[in-house]
Structures are given as structure tokens and as C-alpha cells.
Amino acid sequence: MRCLALLTAGFLGLAACREAGIDDPAFRGGDLLTVRPTAEHEQPGVLEPADENPWGSLGRFGWENKVRKRGIFEDDRIVWSRLPTAGLDLPAGEPRDRTIRLSLMGSFGSEKRKARVTLNGILLGEVELPEDESEVLLPAPAAAWKEGTNALEFSVDQLHELEDGSRVGVAVSRVEYDEAKRVEVDVHERRLVLADGTGVDYLLEEWTVMQLFLAGEAEGKGELEVLFERVDPATGEGLGDPLEFSLPLADQSTERGFAIPPAEGALLRLSLRWRGTGTFRFTRLERFEPEPAERTPIVLISIDTLAATHLSAYGYDRETTPNLAALAAEGVLFEHCITNAPWTLPSYLGLLSGLYPDSHRLYPADTKGGKVELWEMWYLAENRWTLPESLAALGYETAGFSDHLWLGERFGFTQGFHVFDSSAGAIPKEKRDGGIRHVTGLATRWLEARGGGSSFFLFLHAFDVHGPYTPHSPHRGKFRDDPAAQEETTALAGGVVNTYGIVQSYVARGEHPRGSIPPRMKTAPIVSAYDEGVLMVDAALGEFFDDLKRMGIFDEAIVVVTADHGETMDEGHYLFGHGVLDREVLEVPLIVRLPGGESGGLRVREPVQLVDVYPTLLDLAGAPQERAHLHGRSLAGYVRGTAPESRPTFSEGGLCRQSALVFNGWKVIESYPGLDSAESLLFTHPRAPEWLFEEIPRLENEGLTEDLFAEVRAREDFGELCHRLRQELEGPFYELYDLAQDPREDRNLAESNPEKLAEMLDLLSLERARREATRQLARPPDAPVVLSETEIERLKDLGYVGD
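In this text, all values refer to a predicted model and were calculated from it rather than measured experimentally.

1. Remarks on the nonpolar core
In summary, soluble globular proteins display a tendency toward joint burial of nonpolar side chains.
Right, on to step 1. Judged by nonpolar contacts, the single largest core of 124 residues is most densely connected at W406, L458 and F545.
Right, on to step 2. Ranked by residue count, the leading element in this core is helix α7 (residues 524-550), at 11 residues.
Right, on to step 3. Beyond its immediate chain neighbours, meaning those up to four positions away, W406 contacts W343, T344, L345, L374, W375, F411, F413, L795 and Y800.
Right, on to step 4. Counting residues in hydrophobic clusters, the runner-up holds 31 residues, among them L214, F228, F245 and F280.

Have a look at this one:
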């Protein structure tokens, strides 16, 4: 619905605005000029690559910088495509005839190559790639363009292998297609200027009745379009007809007020566009609440690989977490919080989205045997409505500080954050100034710089506890002299990644950073090193809590501490790792301290899950919206004395295709070890057939060491061995545990209690169906994430990359 008349039910004149009291924003997040828009619609005109992420947010994945030697003292950076088809996003104004000027290359000596170039699926031409950078002009008619984002894609028949072994397609160093028309945004200076054909979007959520007040000045002649549109939080799609106003202006200032239409449980998109000559500069853009809602500050801290079973706050023998125990004494401790995924990336996708992690999987589980890298399988699609996005739309300032490349812009994690910093992830684990201390230092400085005001959401992630276990002094060696550290238990050592029955090399390097890894290692010192890392993180958290108290924040905020997954130790088949669905991996801490220490000391025994955190925080903060599309549910009832109805917890993924469900004191695991698994797992899985040890006699006594695996992979029948193992380990296999009688999960009752097994499998199927229905709603990128060789090496050091 387009409203050209200014006097409508949704429009307030300046006098009416002042009469209504719309003069200053009623809450800190109400001044939209101080927050980054959700989206900026502009026309860069020219694209040139940067050093790290070559094309930034405009790269449709598939690109990597390569250094090319020009001479003894000279080299340059060339951005190569790493996939047969790679592309760039070209934001543009109204469709019209344009000419695209490309600087590219891609032939090698006698190997002459071509690339097909398309725009939004329309072929612009087949380009002969030069051996050295040259300019190519491609006419792009108006019919190929659309207003907004345009997909420019480059396709080659096959990739070329460079001297370093990497495979590349086409190199592009510059794309020029129009004059630049930019949006000027400076939240510190409260500056927002729209050029002709540009605009911004803000996604809002209503806490109470809202009104919008805007003022600004046109330099030139045109129309300022103001549009309100309801948006479905589950899909990101618009709902119904938008309400649109058009304000004609010619070298004049304006002040306008609008009664924001009710969202009725949906999101509300505010779109602002300038169409005409010159620019429009906003001097005010404020969301006003006649009766302002109180917004409780929220601090969410997640420590990677922090197992609840090794926290003294959860009853562990060693005093590893005195500060978390003190936090729990003033807060609510959930005794059995279950992660929804047993490793980092998908677990955090679930935490911040409130959806089961496999809802964000880029490819179906049955990939027809095609090899897919770990990082290519996941992305937080832009149409997902995340916890930070929701809080930002409710008027919170949002900031995130992470300690790993998994949690960053590359995988979509920055959505909804006004400030996001993942610089800690570039600091090696062994450096004392990295990890938790770097992250909490950044967070403290951000809090100090922002000054007063209660409406903020702060997310912290630290990686210190993850293997290899490398605690720093004074915590290193803290537990080496206690009785548990003197145990003589040993295990095979030097295994490849994803290997059962042996200490994997990346973990062993924590004890043997230099030199060779012995064939067997004592395991007690490794356990102690893990516990010392936990103690180190706990001490840093205690110091951070002291900083919050000094700033007057601690007692006013909701403070939450949790983790993405736990860690196995030296018991069981899988040593010192995660990716399995064992209790030590699935149970993570969840401690919630409310303002003033409300309900301090309460312990909740009912199992809950990480996807519950999102709706719980919104509920505790007082936000009125329900989130029916989320897989999690609010746990606030436990705090308020009205415990919600019991619901299953659901976990899936990891080392193979597997899933687990906990409900009413029972736990079921369904696994397919032969599917979605690494080759190293096939040769070491506890269900591996006896004939395997006859084929590889050294395997039983040595374990799958790196040297032995290299020999196995060199065998002519390696592919046949893998095929046989995948067939025999295909599954499904079942485990069933009565947690009330067997909390350590030692007795598998799957065969002896088929009725209960069938009942639990029915519940498991229902949760998988909920996840799959949600996965179908995602709009992920059309190509996977591509990492640089440096980033891949960093992942290898942390045990993420093997065979």
C-alpha cells in the first residue's frame, strides 16, 4: 500500500509530535542514528579486494589471495577463485544499461583458458583469460540488472593446479560497473546521509507502543520514502502489504513523526530510501516509547570445551571453579544442560539462533560420497533471526568478542552485533595475552567507553580450555602434585585426528610441544593440564566479574556462563576429545545470575538444552514476544516457581551421523559410524570388524598413529578397505541408558528393553523432523566458505583438520 498523502492515520505532524512528547529518545537504543543499520543499500561502483577477506561481504565465497612474485624485490596479490564457479555481489540502483570493466587473468603458458561471465544468470560473454592481468569490457543490458544485489559469476571448465598444489580458476583484481553512490554512516557522530538511489533498513521489535520521529535536510530535489513492513522471524519474508509514505523535498529541511504500526508478534522492517538528486542527511531518527520499557543488561559468556563434569561448581573433586561456584551461589545452576551439537561451530549456531544446529547445515547429510571439508558444511543464513538481532531490534546495544575464526563474519555470526571483534582468534593459544584475558580486556574497554545506560547485550567466547591443553602460570602445574595426578594409567599416543583408542597428536603436543611423541603416555598429567586450564579461565572470569562490579553492572545485569560442549578424558573409547555423544561431551554448565541475586542458590535438576538460552534471556529481560519458531523454550519458569512441562533434549552430529535424545530419565543414541565420518574413524571405531586387525596387525598394539595411517593410505586396496568398513559400520546402532540407575551410561539396555527403545526412537524422529522442517527455510549462500591455507593450518593445530 503506497500512501502519497501525508495526512494519514500513521503520520503525525511536528506539532502533534511535540504535543505527544516526542523530543528526546526515551531509551538509549531509541536513537537509531547511534546504531548501525541492519542493511545498507548502496552502489559501490568499483570493487577491489582487501588483504584478508578479499571481497568482504560482497564475495560469494570461493576466493583466496595468492602472492605472485614479480621479481626479486617485487610481488603482488592476486585474488583467485577456488571453485569452478565463484562470484561477486554487485549492489546497484535502478536497472539500466551499464558496461562492466574487469581486470582479470587465468591462462598459463600454452594452457589457454576461458571463463563464462553471467549476471543474475544471464550470460554476458565467454572471456578468453589473459596470462597477465588485462582489462575486459562486457556490456550489461538493463534487462540483466535488478535494483539491489546482482550476482556476477565466473565459471571455468576446470581448475588449474599451481606450484603450491592449490587449484584455481580465474583471477580478478578489479570490477568497475558504475559511479559510486554510498550511504554515509557514522554512529559515533550520529551521521546518516543517503545519496540518490541508496537507503537503509532497520529491523525493529516492539516492546511496547512505538512512534518514529525523523528530521533531516535535503540537498537537491527528490523523495524520501519511509516504509514499514511486517517480517516473519522464521523466514525473513515480508508479511502482508507494507505501509509506505513518500515525502517530496527540494533543498529543504523536514521534521516528521509516524505512529509505528503494530507488528503483532512479527518483526518490523523500517526502510528509508532517497530517490532524486543530491543527498538527504538525517539529523534525527528516533524510536520513541511513550511508556519506556526497562531493558536489563545481559552478559552471556561461553567457554569452549568446558565440561560440566570437571567443574567443582558441579561437584568435581578438584577445586577448579571457585568463582563459578560463587556465581552459582547467587544464581540458578542447571545441573543437566545438554549441548545440541558435540563440537564448536554447529553448537554456537544453535546457541545464537535457538534452532537445532543441523538447521544450518549447507548440504544434506547424504552427500553421495562427495568429499566436503568441515568448514564448507555450515553457515548462519542471513534470514535467520538470531539472539543478538532480536535484542538489537528491541533497543539493545550489542557487542561480541570471540576467540576463534569459527565465530566470525565468515560463517555469519556477526549478524545483529553492532560491535564484533574476533582478533583473539589470531593469537596462538600458548601466548599469555590471548584467549580469555584478551577477550575480557576488550569487553571491559568497550563497557567503559560506552558509558552509562542499561540496554546492552555482551557476548564473550574464549577458547583456552580446548586442546591442546596449555594452561599458563601460575596455574600450570597446580594439580600435578595431588594424588590423582600420580596415577600410572597410560594410553597409546600420536594418533591422527578423529581416532578412537589413542591420544591424538594435537592433544599430545600439549605435553610434548617439541620433539617426537612417545608411543605411550601417562594420561593423568593430561587430565591435570585440562583442569588447570579450567582453573585459569575461572580466575580470569573472577577478575572480569570484579570489573563488572566496579562499573556498577554486575548486580544490575543478567549474567550467564555456559559452554558449547564438554570433553572426554581418559575413560571410554574416545580419549581427550569431543564429537561423540557421551555424557562428558554433552553436559555443559549453565549458570544464570539474575539482577540482585534473585533466586540465588537454586539448582534445577530437569535436563535442559542450549537452544533454550535464547528464549530464556528474552523472557528474563521482560521482552513480550513469544518465539514459536524456535526449537528452544524459555526456562524462566524454573526461576519464577512455575516449572515448564518436561521436554526432550536433542543432540546430533560430530564424528559421524549420529543423534541423541534425553527425556524422562532415559537417553537414546542412534549412530551410523560408516556415514559422514572420516577415514581414520573407520579404522579405529569400537565396532570395527575383527578382519581389520588381521589386515593391519600393527593397528591393535600401536593404534592408528600418523605414520601407520600414512602406510595404510598408501596401500593399493585402501579405497576397497574404506568401502568395506563403511558398509559394515553403516548402522544404525543403538544405545539406551536408564540415567536414574546408570548416570555414567555404562549399561546399554537397547537389546533388553525394546519397548522403551522404540518409544525413545519415536521421540528422536519427531525432533529430527522439526529440525529438517526448519532447515528447509534457510536461505544460505550458494557456495561454501573457503578458508586460506594459513587458516587451515591453524585448524590443524587445534585438531579440526585431519583426513
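That covers the picture; the talk isn't over yet.
2. Brief notes about the sheet that holds strand β31 (residues 490-495)
Right, on to step 1. The three strands lie next to each other as β32-β31-β33, forming an open sheet whose pairing is mixed. Each edge of the open sheet carries a strand with a single partner, namely β32 (503-504) and β33 (520-522).
Right, on to step 2. Looking at chain direction, β31 and β33 are connected through three bridges and run antiparallel. What sits directly across from L492, in β33, is R520.

3. Comments concerning the environment of R410
Right, on to step 1. Along the polypeptide, R410 turns up in the loop between β28 (397-401) and β29 (419-421).
Right, on to step 2. The spatial distance from the C-alpha of R410 to the C-alpha of E430 is 24 Å, given a sequence separation of 20 residues.
Right, on to step 3. For R410, the side chain forms a polar contact with the side chain of E791, separated by 2.8 Å.

4. Concerning the pairing of strand β9 (residues 113-119)
Right, on to step 1. Burial analysis of β9 places five of its seven residues in the buried class, the great majority of the element.
Right, on to step 2. Sheet topology places β9 next to strand β10 (residues 122-129); seven bridges connect them, and they run antiparallel. Note that in β10 the partner of R113 across the bridge is L129.
Right, on to step 3. Adjacent in sequence and paired antiparallel, β9 and β10 are bridged by two residues, among which N120 carries a positive phi angle near 50 degrees.

5. With respect to the pattern of salt bridges
Two side chains of opposite charge can pair, provided their charged atoms sit close to one another.
Right, on to step 1. Under the definition given, this model contains 55 salt bridges.
Right, on to step 2. When the shortest N-O distance is used, the salt bridge between R779 and E237 registers 2.6 Å. Here R779 is found in the loop between α16 (754-775) and α17 (789-797), whereas its partner E237 is found in the loop between β20 (221-231) and β21 (238-250), with 542 residues between them in sequence.
Right, on to step 3. Here E670 and R768 are joined by a salt bridge, their closest N and O atoms 2.9 Å apart. Placement of E670 in strand β41 (residues 666-672) and of R768 in helix α16 is noted, with a sequence separation of 98 residues between them.
Right, on to step 4. A residue is classified by how much of its surface remains accessible, and E670, at 6% relative accessible area, is buried.
Right, on to step 5. Shared partners join several salt bridges into a network, and the residues in it are E652, R771, E772 and R775.

6. Quick look at the packing of aromatic side chains
Right, on to step 1. For the coordinates displayed, the defined rule picks out 29 aromatic pairs.
Right, on to step 2. Ring centres of W55 and W63 lie 6.0 Å apart, and the angle between their planes is 75 degrees; this geometry places the pair in the edge-to-face category.
Right, on to step 3. Aromatic rings pair up to connect W343, W378, W406, F411 and Y800 into one cluster.
Right, on to step 4. Here R98 stacks its cationic end above the ring of W145, 4.6 Å away from the centre of that ring.

7. As for the packing of helix α5 (residues 435-450) against α7
Right, on to step 1. Contact pair α5 / α7: the axes reach a minimum separation of 10 Å and the direction vectors enclose 5 degrees. Considered as vectors, α5 and α7 are oriented roughly parallel to each other. Within the contact between the two elements, α5 uses I436, R437, T440, A443, T444, L447 and E448 and α7 uses V537, A540, L541, E543, F544, D547, L548 and R550.
Right, on to step 2. When the residues that make up the contact of α5 with α7 are grouped by side-chain class, the tally is eight nonpolar, two polar and five charged.

8. A look at the packing of helix α2 (residues 322-329) against α7
The description of two packed helices rests on the angle between their axes and on the distance between the axes.
Right, on to step 1. Between α2 and α7, the least distance of the axes is 7 Å, while the angle of their chain directions is 50 degrees. What the angle tells us is that α2 and α7 run oblique. Of α7, the residues touching α2 (which contributes P322, N323, L324 and L327) are L535, D538, A539, L541, G542 and F545.

9. Description of the side chain of H160
Right, on to step 1. The topology assignment puts H160 in strand β13 (residues 160-161).
Right, on to step 2. A distance of 2.7 Å separates a polar atom in the side chain of H160 from a polar atom in the side chain of E111.
Right, on to step 3. In this view, H160 contacts F108, E111, R113, S166, R167 and V168; residues no more than four positions away in its chain are not counted.

10. Thoughts on the sheet that holds β9
Right, on to step 1. Ordered in space as β7-β12-β9-β10, the four strands form an open sheet in which the pairing is antiparallel. Strand pairing shows two members of the sheet lacking a second neighbour, β7 (85-92) and β10, which therefore form its edges. The sheet shows a mean angle of 20 degrees between the axes of neighbouring strands, taken without regard to direction.
Right, on to step 2. The pairing of β9 with strand β12 (residues 148-155) spans four bridges and is classified as antiparallel. Bridging across to β12, R116 finds its partner in S155.

11. Remarks on helix α3 (residues 344-353)
Right, on to step 1. Most of α3 sits out of view: 10 of its 10 residues are buried.
Right, on to step 2. Listed in full, the buried residues belonging to α3 are T344, L345, P346, S347, Y348, L349, G350, L351, L352 and S353.
Right, on to step 3. Packed against the buried residues of α3 are β25 (298-303), α4 (387-393), β30 (456-462) and α9 (613-621).
Right, on to step 4. G354 sits one or two positions beyond α3 and adopts a positive phi of about 70 degrees.

12. Things to note about the confidence of the model for the protein chain
Right, on to step 1. Scored by pLDDT, the protein chain comes out at a mean of 89, with 92% of its residues at no less than 70.
Right, on to step 2. Here residues 1-26 is modelled with pLDDT under 50, and outside its nearest four sequence neighbours on either side it reaches 59 contacts, counting other chains as well.
Right, on to step 3. The low-confidence segment residues 364-369 (pLDDT under 50) makes five contacts with residues lying over four places distant or belonging to another chain.

13. Some words on the environment of S353
Right, on to step 1. Examined against the element boundaries, S353 turns out to sit in helix α3.
Right, on to step 2. Assessed through its relative accessible area of 2%, S353 is described here as buried.
Right, on to step 3. Taking C-alpha positions, S353 is 28 Å from F576, a pair spaced 223 residues apart along the chain.
Right, on to step 4. When residues no more than four places from it in sequence are discounted, the contact partners of S353 are H360, L380, W385, Y614 and L630.

The rules we used
Residues numbered from 1 in each chain as written. Predicted model: local features only at pLDDT ≥ 70, side-chain atom pairs only at ≥ 80, totals over all residues. Heavy atoms only, no water. Core = buried A, V, L, I, M, F, W, Y, C linked by side-chain atoms within 4.5 Å. Buried < 20%, exposed > 50% of the residue type's maximum accessible area, 1.4 Å probe, protein only. Helix = DSSP H or I, 4+ residues; strand = E, 2+ residues; numbered from the N terminus. Contact = heavy atoms within 4.5 Å. Pairing = 2+ DSSP bridges. Polar contact = N/O pair within 3.5 Å; in protein donor to acceptor, adjacent residues only side chain to side chain. Salt bridge = Lys/Arg side-chain N within 4 Å of Asp/Glu carboxyl O. Phe/Tyr/Trp six-rings, centres within 6.5 Å; stacked < 30°, edge-to-face > 60°. Lys NZ or Arg CZ within 6 Å of the ring centre and 35° of its normal. Axes fitted to C-alpha atoms, helices over the stretch in contact; angles between N-to-C directions. Parallel < 35°, antiparallel > 145°, perpendicular 65-115°, else oblique. Nonpolar A, V, L, I, M, F, W, Y, C, P; charged D, E, K, R; others polar. pLDDT = per-residue confidence, 0-100.

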